[in-house]
Amino acid sequence: MSRPGFLSTGIIFLFVILLSAGVWSQDKWKGKFEVQWIYVKDVPNSQVRHIRLENNENKPVTNSRDTQEIPPDKARQVMKIVHSYRHTTSIFDDFGHYEKRQEESNSKRPAQSSSSGRKGGAH
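Now for a description of the structure that goes with this document. (Residues numbered from 1 in each chain as written. Predicted model: local features only at pLDDT ≥ 70, side-chain atom pairs only at ≥ 80, totals over all residues. Heavy atoms only, no water.)

Time to look at the overall build of the protein chain. Assigned secondary structure in the protein chain consists of three helices and five strands. Counting every position in the protein chain, which comprises 123 residues, the buried fraction comes to 22%. For the protein chain, the share of sequence-separated contacts (at least 6 apart) that also reach a separation of at least 24 residues comes to 40%. Within the structure as shown, the protein chain displays about 10100 Å² of accessible surface, and the carbon and sulfur contribution to it stands at 51%. (Helix = DSSP H or I, 4+ residues; strand = E, 2+ residues; numbered from the N terminus. Buried < 20%, exposed > 50% of the residue type's maximum accessible area, 1.4 Å probe, protein only. Contact = heavy atoms within 4.5 Å. Areas by Shrake-Rupley, 256 points an atom, 1.4 Å probe, with all protein chains shown as cover.)

As structure tokens, then:
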């Protein structure tokens, strides 16, 4: 069985995916699950901030965190806005920036020696 869901990171970045359940239920952290990307777009929080979640102290949906349950009627409201929002950017535009930062970070790390620093025989 598949079910729609969405994950949020950062301020305006939104994924909408379709997860195929099953594999992780057998072994908590091993295996894989299929992901079908439906939307990958930047949607400003201001577009959905008015939607409040009664199951999260009536906070705006933009205050939600990973695994926050969103009632179906509120999720439909968010999805309608996401679907119709005309975005000009997505996280794909940022990949070069993050790859460059990772390379810079890696080059600043001191070289690690091949020795573990342990004394004695075989390890």
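A word on the packing of aromatic side chains. Applying the stated criterion across every chain yields a total of one aromatic pair. Seen from their ring centres, Phe-92 and Phe-95 are 5.4 Å apart, and the 80° between their planes marks the pair as edge-to-face. Under the relative-accessibility criterion, Phe-95 is labelled partly exposed at 40%. (Phe/Tyr/Trp six-rings, centres within 6.5 Å; stacked < 30°, edge-to-face > 60°.)

Glancing now at a nonpolar patch on the surface. A grouping of Phe-33, Val-35 and Trp-37 is seen on the molecular surface, where their side chains present a nonpolar patch of about 290 Å² in accessible area. Counting through the fold element by element, Trp-37 comes out in strand 3 (residues 35-42). (Patch = residues over 30% accessible without salt bridge, like charges linked within 9 Å, V, L, I, M, F, W, Y side chains within 5 Å. Salt bridge = Lys/Arg side-chain N within 4 Å of Asp/Glu carboxyl O.)

Attention now goes to the nonpolar core. Residues Val-16, Tyr-39, Val-48, Ile-51, Leu-53, Val-61, Ile-70, Ala-75, Val-78, Ile-81 and Val-82 constitute the largest nonpolar core, which totals eleven residues. At four residues, the largest contribution of residues to this core is made by helix 2 (residues 72-84). (Core = buried A, V, L, I, M, F, W, Y, C linked by side-chain atoms within 4.5 Å.)

Another point: the environment of Phe-92. Looking at where Phe-92 falls in the secondary structure, it is placed in the loop between helix 2 and helix 3 (95-108). What makes Phe-92 exposed here is its relative accessible area of 51%. Put simply, Phe-92 and Val-40 are 52 residues apart on the chain and 8.4 Å apart in space, counted from C-alpha to C-alpha.

End to end, helix 2 covers 18 Å across 13 residues, agreeing with the expected 18 Å (1.5 Å per residue, within 8%). For helix 2, the complete set of buried residues consists of Lys-74, Ala-75, Val-78, Ile-81 and Val-82. Buried positions in helix 2, seen along its axis, are confined to an arc of 125° and lie on one side of it. Exposed residues pointing more than 90 degrees away from the buried face of helix 2 are listed as Pro-72, Arg-76, Lys-80, His-83 and Ser-84. (Expected span 1.5 Å × (residues − 1). Arc of directions from axis to C-beta.)

Taken by themselves, the reported measurements are silent on function.
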